[in-house]
Each structure stands twice: as C-alpha cells, then as structure tokens.
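Residues per chain are reported as follows:
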Amino acid sequence: MDPIVSLLSSLLENVRPLDAGEPAQYIPELAKADPDRFALAVVGPRGVVRSVGDDEVEFTIQSVSKPFVLALAFAMHGRDDVLARVGVEPSGEPFNAISLEPQTGRPANPLVNAGAIATTGLIPGADRHERTRTIVAGLSRFAGRQLTVDESVYESESETGDRNRALAYLMRSYGVLHERVDEVVEAYFRQCSVLVTARDIAVMSGTLAFSGRNPVNNEQVIPESVARDVVSIMTSCGMYDFSGEWLMRVGLPSKSGVAGGLVSVAPSQFGVGAFSPRLDSHGNSVRGSILVERLSREFGMHVFDRHESITRPGITVDRTPEGMIVRLGGELAFSGAERVLVTLRELIHGADANFPVSLDVSELAHLHPAALTALEAQLRDLGTQVRIIK
C-alpha cells in the first residue's frame, strides 16, 4: 500500500470509533444522512489524490461552497467591489446569525450565511437558473469534473430556508443586496445543494492551496491574488465562532459544511477534504475536525510550523564504485518527500536493479517524522537496494 495512504488510513481508523454529534436536523434531507459515513482525501502539488474511507460517497457541499463562490466573485468584480457589499471580520457568532454592520447593513464576512447570500448575489445571471449555472460551472472547475445539484436537498433547503430569506430581505433594505431576494436566495440554496465527494473537495481545496491552480489538471481557475485573499479570510472566519481556537489547534485555513464536509488548505503543501455527517454545536463535523487536527499535527501542516521543503538544489549525488550516495541538505517537511522521491526515481532510472543506493539524511537541519516514514516506505518500492543513513 502507498505509505501515505497507509498513514491516512491509520488516522481515519483511530478516529472512526468516536460517535459524538448527529447529522443536521433542521434540513429534513440532511437529517436522513448515514451518520457513520467517514472519508479523508488529500492532494499534493503533483496532483496525486490519495483518499481513504467512504471517498466516493456523494454529499451536498453546503457552506463549503462559500469560499469558492467568493473566489468567483473576486475574480469577476475585484476585491474592492466585493468588499463594498461584504466585510472580512470574524463575527464570533454562529453561521446563521444576523451579523450586519449597524449603519451599513454589510454582513460581517462572506463565510456566514448573510455574507454568502450577498456574495451569491454578485454572481451574474438574468435569473436564478442562469446564476446557478454560472456557480456550478465555477465549482466544477475547482473540482476538475462536472458537478450537479441534488434536487431533493435543494427542495428541502428551500422549504426550510425562511431565516436565510429574512437575512436577504434585511440586507436588501440596507441596499447591500441589489438583486431580487427570491432569485438570489434560491440560487444560494441550489449552490449549497451541489453534490461532491471527499476527493472533490480535496481537489477544490488544493486549487486554493496551489495559488488558484487545479493540481490535477493544471488549469488556472482563479488568479493567484484571489486565492491568497480567500485563504486569508478562511483563516479567520472559516470555522464560525470556533475559528480562533481552530487556528491555534489546527493551524489550517478551513471551511465546514452542515452535511459534514470540511476543507482545509495547507498552502503550497496539500489540499484536504474530510467528510463525516455528525456535527458539533458550531455546525462543524466532529470526526472531520478531529481527523484534520491530527493530520495537521502528525504531518506538520500547521501554518506556523516550519515548512521548508528541499528540492533539487538541496540534493547532491556522489557516484562511487560501491554505489550511489544521495545527500539531502536543508530542511525536509512531509510535503517535500514526494519531490525527493521524484528526483531519486530519475537518478535510479536505468540503473541495475542491484545497484546500491544510500540516502543520507543525517545533515538535514530538520526532518519531519512523517517525511521519513514516506521515504522509507516508497524507497522499498523502487526495486533497487536502498538504505537510509540517519
């Protein structure tokens, strides 16, 4: 088994027994979800998606859509025009709170419901259907495949969405929402009802992690500056009234959804997608949150951890009659292990299967344990004699 997949699987199985929380009850279709579904997926800079658990099970994207629709709005209108309608400050309140500036009626940020509705209103469309098509097309580019809307969840959202309508009418009374309330809110409900898998949202997260470039198909979905702005807002606002503690404990810009989805961005390292329908009092996935916290800790992904990862300039090669010695210098985080392996494969390619190779990591200033585990496991699969000098 791929050693990274093995590590992910071990993390998943350690968290699986936890059964706190329950699926969202206020939307009837979401209340029907199987609470035991559980999945994790990560995608690295080279576009390899690794996933474990119920990684092909579809669920609705819900509020995980918010940062991606915000990115579309930024790309279409520019930062200043978007911020004229929506703020960027943490609300410290639940996702469905009435978080509007007293004088202007501007929502606190784009990741609470009021701000997300205002952001959806910025997506062009003659009616709700055209606006929805534009949004779904944009989300599909982030995911790298065509996404669709779950009509039964949409109908359930619409039937129980009076609070969101009230927020929209309140914003329209302030002049924050210029468009017709029913057209915007119904498009918002459909946006939240887009079907995804844990693999999809990992790729979507990876697109933000790698400066707006989809790591799987290399499409530049949004400008680099837009990805930076969106990730910045996710850092302070993405987990609602748990955002401050989340940043301290996990250290990854993230966004949750009430169907159990959770995306986390490790800038320039990984996109992460988790799924488990059991929610806590903040509306965040219980097992998904614990899983991502442990992933961040064990893989050294916290934004304030050391992330220097050596590339080819940190690799020197000595060829001797007894074999090849590959020396690494600098620091090696988990995300750099894949780059080292690619270089080693290039060096070893064509060599005799019994040609000894030594990988010297003794001079590294910092070596993350997970990076060493990945190196040891994958080097065994290269079909040559490899030993690591520590």
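Residue numbers run consecutively from 1 along every chain, following the written order of its sequence. In keeping with the predicted nature of the model, local features appear solely for residues at pLDDT of at least 70, side-chain atom pairs appear and are counted solely at 80 or more, and the whole-chain, interface and lining totals rest on all residues. Excluded from the side-chain calculations are hydrogens and water; all other atoms, namely the structure's heavy atoms, are used.

An unreviewed UniProt entry annotates the protein chain as Glutaminase originating from Microbacterium halimionae. UniProt positions are given in the numbering used here, feature names are shortened, and annotations may be inferred rather than shown by experiment. Taken directly from UniProt, the Catalytic activity (unreviewed entry) text for the protein chain runs: "L-glutamine + H2O = L-glutamate + NH4(+)". Quoted verbatim from the Subunit (unreviewed entry) field of the UniProt record, the comment on the protein chain reads "Homotetramer."

Student: How should I be thinking about the side chain of glutamine 62 in this particular structure?
Tutor: What counts as a helix is a DSSP run of H or I of at least four residues, what counts as a strand is a run of E of at least two, and both are numbered from the N terminus. Structurally, glutamine 62 is set in the loop between β3 (59–60) and α3 (66–77). Buried, partly exposed and exposed residues are distinguished by accessible area as a fraction of the type maximum, computed with a 1.4 Å probe on protein chains only: under 20%, between the cut-offs, and over 50%, respectively. Owing to a relative accessible area of 2%, glutamine 62 belongs among the buried residues under this scheme. Pairing of N or O atoms within 3.5 Å defines a polar contact, subject to two protein rules: one partner must be a possible hydrogen donor and the other a possible acceptor, and residues neighboring in sequence count only if both atoms are side-chain atoms. A polar side-chain atom of glutamine 62 sits 2.9 Å from a polar atom in the side chain of threonine 60. Engagement of the side chain of glutamine 62 in a polar contact is seen with the side chain of glutamate 157, the distance being 2.6 Å.

Student: Explain the environment of aspartate 80 to me, please; I cannot follow it from the model alone.
Tutor: Relative to the helices and strands, aspartate 80 resides in helix α4 (residues 79–83). When its relative accessible area of 61% is taken as the criterion, aspartate 80 is described as exposed. Sequence separation of aspartate 80 and isoleucine 117 is 37 residues, and the distance between their C-alpha atoms is 18 Å.

Student: Sorry if this is basic, but what is going on with the domain arrangement of the protein chain here?
Tutor: Domain start and stop points were drawn from an automatic or database domain assignment. If you check the domain split of the protein chain, you get domain 1 (3–299) and domain 2 (314–388). One C-alpha centre belongs to domain 1, the other to domain 2; they are set 38 Å apart. Note on contacts: a residue pair is in contact if any heavy atoms of the two residues lie within 4.5 Å. With 13 residues of domain 1 in contact, the opposing surface of domain 2 contributes 11 residues. A quick way to say it: buried area is the sum, across both parts, of accessible area lost when two parts are put together, with a 1.4 Å probe. Summing both sides of the interface, domain 1 and domain 2 together bury roughly 1100 Å²; the carbon and sulfur share of this comes to 64%. Area buried by domain 1 at its contact with domain 2 is led by Pro3, Arg46 and Phe299, which between them contribute 44% of it.

Student: Quick question: what am I supposed to make of the packing of aromatic side chains here?
Tutor: Any two of the Phe, Tyr and Trp rings considered here, Trp counted by its six-membered ring, make a pair once their centres fall within 6.5 Å; the pair's planes then place it as stacked at under 30 degrees, edge-to-face at over 60, or tilted in between. This model, assessed by the stated rule, comprises three aromatic pairs. Relative to phenylalanine 142, the ring of phenylalanine 68 lies with its centre 5.0 Å away and its plane at 65°, an arrangement referred to as edge-to-face. One end of the pair, phenylalanine 68, is in helix α3; the other, phenylalanine 142, is in helix α6 (residues 128–143), and 74 residues separate them in sequence. Residue phenylalanine 68 is classed as buried on the basis of its relative accessible area of 0%. By relative accessible area, phenylalanine 142 is classed as buried at 0%. Aromatic side chains tyrosine 188 and phenylalanine 189 sit 6.2 Å apart centroid to centroid with 50° between the ring planes, which places their arrangement in the tilted category. The class of tyrosine 188 is buried, set by a relative accessible area of 2%. The exposure class of phenylalanine 189 is buried, given its relative accessible area of 1%. Cation over ring: arginine 190 sits above tyrosine 154, and NZ or CZ is 4.7 Å from the ring centre. Charge over a ring is defined by NZ of Lys or CZ of Arg lying within 6 Å of the ring centre and within 35 degrees of the ring normal.

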